[in-house]
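Residue strings, one per chain:
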Amino acid sequence: MFFLTSLQFYNSEISASSYKMGFWASLCPAVFLLLLLSTTLMSETNNTVNQIMKSAPLIDGHNDLALQLRRYFNNNLTGLDLNTLKKTHTNINKLKEGNVGAQLWSAYVLCSSQYKDAVRLTMEQIDVIKRMCRKYEEFNLVTTSEGIRNTTDKIACLITIEGGQSIDSSLAALRMFYDLGVRSMSLTHTCHTPWARSTEEHSDIVPPKSSLTDFGQEVVWEMNRLGMIVDLSHTASDTAKAVLQISKAPVIFSHSSAFAICKHRRNVPDNLLKMIKKKKGLVMVNFYCGFVACQKVCNISNVADHFDYIKKIAGYKSVGIGGDYDGAVWFPQGLEDVSKYPALIKELLRRKWTAGELKAVLRDNFLRVFGKVEEVKAKLKNVAASEKEIPLNEITNKSCRLSLRDVFPTANSGHSLWKTVPPAFTIVCTVNTYIVSLILTG
């Protein structure tokens, strides 16, 4: 009785400031207590999420904002405000709200650019990312794992290339992209390259003879030597397996999910998850509903299922986050844009993930992989740059590829440059040679 009397008194005290609570309290004291308890627990959970994400700001493995900057604004940054941009899933205010500490920005060009102007277009995408990150004081352009660690009051910007078509089967182009600040590259996108197979089939692009050709292996080793992260998202399973077998450094899937949960060819099957664990690599879970639930509609719980499964097969040290925002159209309810990352961490907390595991997923796992990639680079510092070239017979579209050897043929090849020299010039050269020989012999 004393309890009920006290409760009624308490209800009358708070009714002025909280009519809704007072209503439920007068209707049913037990319901009121449950509401009060759930509100308290929710507040405590939100505080825990905030503390975890403040101590381990998220590193996201894949964001296609740069593609949308080309699509909507032709890469013109002067006509937009990236703080409040509404056309995209990403803007600066949303990144802050989502506790994003570092973002891998994708320099992506369409597969239709292969054998055409892929290198130029990729350079333009790298340029817009660099200009974006330099224009806004909230960003800090970095190229090392230490650069990410040292960025404490800004959002670290890392550049990645999506799709090996960007290098036009040239190791020299790969090295030049590294010099421009690129620190990660996926070997394929939705099309094959002449040296690596994709998960997708393009009707106008012939697949290579093997999942990873000899030149493809050379690309992987050169990326190891440079200190560039090898990204296996979009590669065929056999290609990924071949890379995992030969790479000297850990690799990542920057935006893929678990095949066992959603049987989409873009997702990672169990055998590769086990290889990732052995190689100490990383699968950064994609949020796109088509890969999460194999349909257009999904929710946070569907996404969390992938985290649980990858943790079960490969361990929590093999899990990261690669939302794929602005690269897809159907995102989960509750994870509609980059501001919503805390909702996922809240769900994983509810599923009994520990604070230490979540900090690893948010940040530490990627930093470990990137650090190992840099260690391999240091070990290979005395190895010379590869001078291997892709065999011309492996290039299916030769009409857009000039062979410089044919421009300067040898004299005995039947295509001597002397055939293009005027006869009078030949006579003059012969006379001059004779006169010089007479002078030298006295």
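Since the structure is predicted, the reported quantities are computational estimates derived from the model, not experimental observations. (Residues numbered from 1 in each chain as written. Predicted model: local features only at pLDDT ≥ 70, side-chain atom pairs only at ≥ 80, totals over all residues. Heavy atoms only, no water.)

Peer 1: Sorry, what's going on with the overall build of the protein chain here?
Peer 2: Across its full length, the protein chain holds 17 helices and 9 strands. Relative to its 442 residues, the protein chain shows a buried fraction of 50%. The contacts in the protein chain between residues at least 6 apart in sequence include a share of 70% that link residues at least 24 apart. Here the protein chain displays about 21700 Å² of accessible surface, and carbon together with sulfur accounts for 57% of that area. (Helix = DSSP H or I, 4+ residues; strand = E, 2+ residues; numbered from the N terminus. Buried < 20%, exposed > 50% of the residue type's maximum accessible area, 1.4 Å probe, protein only. Contact = heavy atoms within 4.5 Å. Areas by Shrake-Rupley, 256 points an atom, 1.4 Å probe, with all protein chains shown as cover.)

Peer 1: Please clarify how helix H13 (residues 300–314) should be interpreted in this entry.
Peer 2: Taking 1.5 Å of rise per residue, 15 residues should cover 21 Å, and H13 covers 21 Å from first to last C-alpha, within 8% of that figure. Among all positions in H13, only Ile-300, Val-303, Ala-304, His-306, Phe-307, Tyr-309, Ile-310, Ile-313 and Ala-314 are buried. Following H13 by one or two positions, Gly-315 has its phi on the positive side, about 90 degrees. (Expected span 1.5 Å × (residues − 1).)

Peer 1: What should I look at first to understand unusual backbone geometry in this one?
Peer 2: With the exception of glycine, most residues fall at negative phi, and the peptide bonds are largely trans. Positive phi, normally seen in glycine, also occurs at Tyr-115, with a value near 70 degrees. Tracing the backbone through its elements, the reader meets Tyr-115 in the loop between strand S2 (100–108) and helix H6 (118–135). Take Tyr-115: its relative accessible area is 12%, and that puts it in the buried class. A positive phi is found at Asp-326, a non-glycine position, where the angle reads about 65 degrees.

Peer 1: Quick question: what am I supposed to make of the state of the cysteines here?
Peer 2: Here a disulfide denotes one covalent bond, and it connects the sulfur atoms of two cysteines. A full pass over the atoms with the stated rule returns 3 disulfides. Covalently, Cys-111 is tied to Cys-191 through a disulfide, its sulfur atoms 2.1 Å apart. Of note, the bridge from Cys-111 to Cys-191 carries an S-S torsion of about -85 degrees and is left-handed in sense. Here Cys-111, found in the loop between S2 and H6, pairs with Cys-191, found in the loop between strand S5 (182–186) and helix H9 (214–226); they are 80 residues apart in sequence, far enough to count as distant. For Cys-262, the disulfide goes to Cys-294, at an S-S distance of 1.9 Å. Taking the sign of the torsion about the S-S bond as the criterion, the disulfide between Cys-262 and Cys-294, at about 105 degrees, is right-handed. (Disulfide = S-S within 2.5 Å.)

Peer 1: Looking at this structure, I do not really get the packing of helix H8 (residues 171–179) against H9. What am I missing?
Peer 2: A pair of packed helices can be characterised by two numbers: the angle between their axes and the separation between those axes. Look at H8 against H9: their axes get within 11 Å of each other, and the N-to-C directions meet at 25 degrees. In terms of orientation, H8 and H9 fall into the roughly parallel class. Handedness of the crossing formed by H8 with H9: right-handed. For the pair H8 and H9, contact is made by Leu-171, Leu-174, Arg-175 and Tyr-178 and by Phe-215, Glu-218, Val-219, Glu-222, Met-223, Arg-225 and Leu-226, respectively. When grouped by side-chain class, the residues that make up the contact of H8 with H9 number 7 nonpolar, no polar and 4 charged. (Axes fitted to C-alpha atoms, helices over the stretch in contact; angles between N-to-C directions. Parallel < 35°, antiparallel > 145°, perpendicular 65-115°, else oblique. Left-handed = near helix turned anticlockwise from the far one by under 90°. Nonpolar A, V, L, I, M, F, W, Y, C, P; charged D, E, K, R; others polar.)

Peer 1: Teacher, can you tell me more about the side chain of Asp-60 here?
Peer 2: Looking at where Asp-60 falls in the secondary structure, it is placed in strand S1 (residues 58–63). For the buried Asp-60, no salt bridge is present, and the opposite-charge side chain at shortest range is Arg-266, 12 Å distant. At 2.9 Å, the side chain of Asp-60 forms a polar contact with the side chain of Tyr-341. Discounting residues that sit within four places of it in the chain, Asp-60 has contacts with Ala-102, Gln-103, Leu-104, Met-284, Ile-321, Gly-322, Gly-323 and Tyr-341. (Lys, Arg positive; Asp, Glu negative; His and termini not counted. Salt bridge = Lys/Arg side-chain N within 4 Å of Asp/Glu carboxyl O. Polar contact = N/O pair within 3.5 Å; in protein donor to acceptor, adjacent residues only side chain to side chain.)

Peer 1: Would you mind going over the pairing of S5 with me for this structure?
Peer 2: Strand residues, when the strand is regular, have side chains that alternate between the two faces of the sheet. By the criterion of burial, S5 is predominantly enclosed, with 5 of the 5 residues buried. Between the parallel pair strand S4 (residues 155–162) and S5, the chain is carried across by H8, and the sense of this crossover is right-handed. In this structure, S5 lies alongside strand S6 (residues 229–231), joined through 3 bridges in parallel fashion. Bridging across to S6, Met-185 finds its partner in Val-230. (Right-handed = clockwise from strand over helix to strand, strands pointing away. Pairing = 2+ DSSP bridges.)

Peer 1: What's the story with the pairing of S4 in this structure? I'm lost.
Peer 2: Taken across its 8 residues, S4 has 8 buried, putting it largely inside the fold. The sheet contact formed by S2 and S4 spans 7 bridges and is parallel. Each bridged residue has a counterpart across the sheet, and for Ala-107 the counterpart in S4 is Ile-161. As defined by bridge partners, strand S3 (residues 139–141) adjoins S4 across 3 bridges and the pair is classed as parallel. Along S4, the bridge assignment pairs Asn-140 with Ala-156. This β-α-β element, S3 to helix H7 (residues 145–150) to S4, shows right-handed connectivity. Two strands pair when backbone bridges link them, and S4 and S5 are joined in this way by 4 bridges, in the parallel orientation. Counted as the bridge partner of Ile-159 is Val-182 from S5.

Peer 1: What should I look at first to understand the pattern of salt bridges in this one?
Peer 2: Pairs can form between side chains of opposite charge whenever their charged atoms are close. If you walk through the whole model with that rule in mind, you get 16 salt bridges. A salt bridge links Asp-117 to Arg-120; the nearest nitrogen and oxygen atoms lie 2.7 Å apart. Residue classification places Asp-117 among the partly exposed residues on the basis of a relative accessible area of 29%. Close ionic contact of Glu-200 with Arg-265 constitutes a salt bridge, the shortest N to O distance being 3.0 Å. Placement of the pair is Glu-200 in the loop between S5 and H9 and Arg-265 in the loop between strand S7 (252–253) and helix H11 (270–279), with a sequence separation of 65 residues. Residue classification places Glu-200 among the buried residues on the basis of a relative accessible area of 16%. Taken together, the shared-partner salt bridges in this structure form one network comprising Asp-305, Asp-308, Glu-347, Arg-350 and Arg-351.

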